[in-house]
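Descriptive analysis of the structure
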Amino acid sequence: MFPAVASKTVEDVLFPGIAVRVERVSDASGALVVEAVSTGRPGRCPGCRKQARRVHSSYQRSLDERPLGLRRVVVRLRVRRYFCDRKWCSRRTFVEQVPGLTERHRRSSTGLTGWLRSIAVELGGRPAARLCRRLRLAAGRTRLLRLLTAPPVQGRAPRVLGVDEFAFRKGCTYGTVLVDVEAGRVVDVLPDRTSKTFAAWLKAHPGAEIICRDRATTYTKAVKEAAPDALEVADRWHLLQNLSAAVEKTCHQHRDCLRKHAEQEPGATMLEPVPMELPVPELPRTQIIERTRHRYEDIHRLVEKGWTISAIARRLNLDRKTVRRFRDTALDQLLVSARDRRPNGVLEPFKTYLNARFTETQGQVSGTRLFQEIHERGYRGSRQVVRKHLAALRAGTAEPVRADIPSPRKITSWIMRPRDTLTESQDKRLLQVRLACPDITRACDLARTFADLVRHRRGYLLLEWIRQAEQDAPKPMQGFAGSLRQDLDAVTAGLTLPWSSGVVEGHVNRVKTLKRAMYGRASFELFRTRILTQPSVPVSGKGTGRQHSIYEVGRRQVAVGFDIVSNQFRSSVGDVVPHDAYL
């Protein structure tokens, strides 16, 4: 009785619910060797699926099993080989498989294979192999990568499809990730971002009713070609990003207005006595200044030869907008812009004092003494920075001390943020900026109105906003309004419907993490497999009931319902019903 009880206990621990009988457990070279025999019903032929009746022979398989504690487990399993009695079947004999323990052509149990596959999905090749060594699992990187297989792509596209690009190598090669926005999972990964590839995928996988995208025109062309009935939805975050760029460009173009206003304020220049004239300021021969000179000369030399902007951009490896700016802007203005891009640093608040002390002493003052004086007044930089500024004063290359005006990016952040999040000092400085420049004031008013449309999804007011912006707004804001008019239906849908590309952007961040973890050396197939095999969390919720709303987008009518049970929005796309049909 005692051996039977012990045997049953080992079976329950090692093989719960599996049809095997343990005959012997021994210790060999630090590994736990379990000898077992299959006791299940006769198997079915893998060719014709007929259940076997006759045993041909038996043999012993060796399987690696999950470790027990810190000890490796090896299962020596005796399995049976059966005859296939169907004459037309191509198989004459076959070996039985024990459900839950064995698979064809594998030398590890199904449980261990599942462990290894999960580790490979999360870590990849070499990191997974290092973890397996720590866990006493015998698996190399090539074996782990062979366990990764991409799941099959469904024949129909999801109802709400999200599309976005990601970089294999930034500025060179890109791919496309397709996401089921409702389920929050990646559907497929494409090897490039061309409209031809995306259009071919949409034709092979019909069914998308709503397509969420960014402002790129490549995907728009593919949607109009392959899925003309689908409703495009422009992402709200990208709309705000484009608006922010237009506002920042407006602030940059009107920095002179802010500087003149600051210089005209009373007391703006009372801090610096001028008993002696400083040397005439000259542009320092810095790297950025010299690069600007050389680039200007190269571009204009090619322009005189009749080269196009695109050809010059390819030859000099520059963006077309950069080439156009150097072609249409005077050299002096480019040099001033390059000089202003130099960082102010921690010394900027103390330059007025240093210049005043330099003129008082007729230049006969040491950098060490000036450093000690401004250090007592709160300077926390290095002594070398003070000496460099003093040397620039003596050489006449020091920049004149300008009025303290906020940078275009800082002004843009004040404008784009909600008003109730600004501090009292930020609100006060923004008011001074608005008083200094009417164009920035107009851009601020338009930006805040558009941000309100985005945050409260008031798409029905978009066309009126575009008309106002095109009438009297600064040029960057007019350009932004023009881009909205060209993509009017998608932008209106983005400002009306609850869908957006937020889920897609989250998966793009995960794709970047996987790419960097693989050091960019994996093939596209392996990269795609790892992206598709990553688990995703479905959206769920509690409660009962469903709420519906009707949105009119462009020339279509969309019914959007929020299902409280699944915590998901559900919509249907159809033709526009005339308003008088309801009367």
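Here the structure is a predicted model, which means the values were calculated and not measured.

The helix and strand inventory of the protein chain stands at 23 helices and 13 strands. When burial is assessed residue by residue, the protein chain has 41% of its 583 residues classed as buried. Expressed as a percentage of contacts within the protein chain between residues at least 6 apart in sequence, the contacts between residues at least 24 apart total 57%. Carbon together with sulfur atoms contributes 50% to the accessible area of the protein chain, which is approximately 33,700 Å² in total.

As a further point, take the pairing of strand β9 (residues 210-213). Going residue by residue along β9, you find I210 and C212 tucked away on one face and I211 and R213 tucked away on the opposite face as well. Two elements, strand β6 (residues 160-169) and β9, share three bridges in a ladder whose sense is parallel. Considered in β9, the bridge of V160 is made with I210. In terms of strand pairing, β9 meets strand β10 (residues 231-234) through four bridges, oriented parallel. Bridged to C212 within β10 is V233. For the handedness criterion, the β-α-β arrangement of β9, helix α6 (residues 217-226) and β10 is classed as right-handed.

All right, on to the layout of surface pockets then. If you add up the space inside the second largest pocket, you get close to 550 Å³. Lining the second largest pocket we find 26 residues, and of these R61, V95, E96, Q97 and R104 sit closest to its centre. Looking at the lining of the second largest pocket, the elements that each hand over two or more residues are β3 (55-68) and β5 (93-95). Ranked by residue count, the leading element in the lining of the second largest pocket is β3, at four residues. Classifying every residue of the lining of the second largest pocket gives nine nonpolar, seven polar and ten charged.

Time to look at the environment of R107. For R107, the position within the fold is in the loop between β5 and α2 (110-123). In this structure, the C-alpha to C-alpha distance between R107 and R61, residues 46 residues apart in sequence, is 8.0 Å. With residues up to four places along the chain from it excluded, the contact list for R107 reads S62, L63 and D64.

The next thing to look at is the pairing of strand β4 (residues 71-83). Remember that side chains alternate between the two faces of the sheet whenever the strand is regular. With seven bridges connecting them, strand β2 (residues 31-38) and β4 associate as parallel partners. Its bridge partner lying in β4, V37 is registered against R78. The pairing of β3 with β4 spans eleven bridges and is antiparallel. What sits directly across from V55, in β4, is Y82. In sequence, β3 turns back onto β4 through a hairpin of two residues, with G69 there showing a positive phi of about 70 degrees.

This paragraph deals with helix α19 (residues 462-472). Along α19, the residues classified as buried are L462, W465, I466 and A469. Down the axis of α19, the sector holding all buried residues measures 100 degrees, keeping them to one side.

The pairing of strands in a sheet happens through backbone hydrogen bonds and is either parallel or antiparallel. Spatially, β8-β7-β6-β9-β10 is the arrangement adopted by the five strands of the open sheet, whose pairing is mixed. Single-partner strands in this sheet number two, and they are β8 (185-190) and β10. Strand after strand, the sheet turns through a mean of 30 degrees between neighbouring axes, direction not considered. Contacts from helix α5 (residues 195-204) reach β6, β7 (173-180), β8 and β9, with the element oriented near 125 degrees to β8.

Closest axis-to-axis distance for the helix α10 (residues 309-316)/helix α11 (residues 320-328) pair is 9 Å, and the angle between their directions is 110 degrees. With respect to α11, the axis of α10 lies roughly perpendicular. Once α10 is placed against α11, the crossing between them reads as right-handed. Listed contacts from α11 to I309, S310, I312 and A313 of α10 are R320, V323, R324 and R327. A breakdown of the residues in the contact of α10 with α11 according to their chemical character gives four nonpolar, one polar and three charged.

In this section: the packing of aromatic side chains. For the structure shown, the criterion picks out eleven aromatic pairs. A centroid spacing of 5.9 Å and a plane angle of 80 degrees characterise the contact between W465 and F480, whose relative ring orientation is edge-to-face. With W465 in helix α19 and F480 in helix α20 (residues 475-486), this residue pair connects regions lying 15 residues apart in the sequence. Per residue, the accessibility class of W465 equals that of F480, and both read buried. A network of ring pairs unites the aromatic residues F166, F168, F524 and F527 as a single cluster.

By size, the foremost hydrophobic cluster in this structure holds 38 residues, and its most contacted members are L243, F450, W465, M477, L484 and L495. Mapped onto this core, the elements with two or more residues apiece are α7 (236-253), α8 (255-264), α16 (408-416), α17 (424-436), α18 (438-456), α19, α20 and α21 (488-494). No other element matches α18, which puts eight residues into this core. Not counting chain neighbours up to four residues away, the residues in contact with W465 comprise L446, T449, F450, L453, M477, F480, A481 and L484. Core analysis: the second largest hydrophobic core is formed by 36 residues, A129, V177, V181 and I531 among them.

Further remarks concern the state of the cysteines. For the coordinates displayed, the defined rule picks out zero disulfides. For the unlinked cysteine C48, the closest cysteine sulfur is that of C84, found at 3.6 Å. Residue C48 is classed as buried on the basis of its relative accessible area of 11%. Between C251, a cysteine without a disulfide, and C437, which holds the nearest cysteine sulfur, the sulfur-to-sulfur distance is 8.1 Å. Accessibility expressed as a relative area gives 1% for C251, which makes it buried.

Cut-offs used in this document
Residues numbered from 1 in each chain as written. Predicted model: local features only at pLDDT ≥ 70, side-chain atom pairs only at ≥ 80, totals over all residues. Heavy atoms only, no water. Helix = DSSP H or I, 4+ residues; strand = E, 2+ residues; numbered from the N terminus. Buried < 20%, exposed > 50% of the residue type's maximum accessible area, 1.4 Å probe, protein only. Contact = heavy atoms within 4.5 Å. Areas by Shrake-Rupley, 256 points an atom, 1.4 Å probe, with all protein chains shown as cover. Pairing = 2+ DSSP bridges. Right-handed = clockwise from strand over helix to strand, strands pointing away. 1 Å grid on protein atoms, 1.4 Å probe; cavity = no way out; pocket = protein on both sides within 12 Å on 5 of 7 lines; lining within 4 Å. Points joined across faces, edges and corners; volume = space filled by probe spheres on them. Nonpolar A, V, L, I, M, F, W, Y, C, P; charged D, E, K, R; others polar. Arc of directions from axis to C-beta. Axes fitted to C-alpha atoms, helices over the stretch in contact; angles between N-to-C directions. Parallel < 35°, antiparallel > 145°, perpendicular 65-115°, else oblique. Left-handed = near helix turned anticlockwise from the far one by under 90°. Phe/Tyr/Trp six-rings, centres within 6.5 Å; stacked < 30°, edge-to-face > 60°. Core = buried A, V, L, I, M, F, W, Y, C linked by side-chain atoms within 4.5 Å. Disulfide = S-S within 2.5 Å.

Just distances and angles here, no functional claims.
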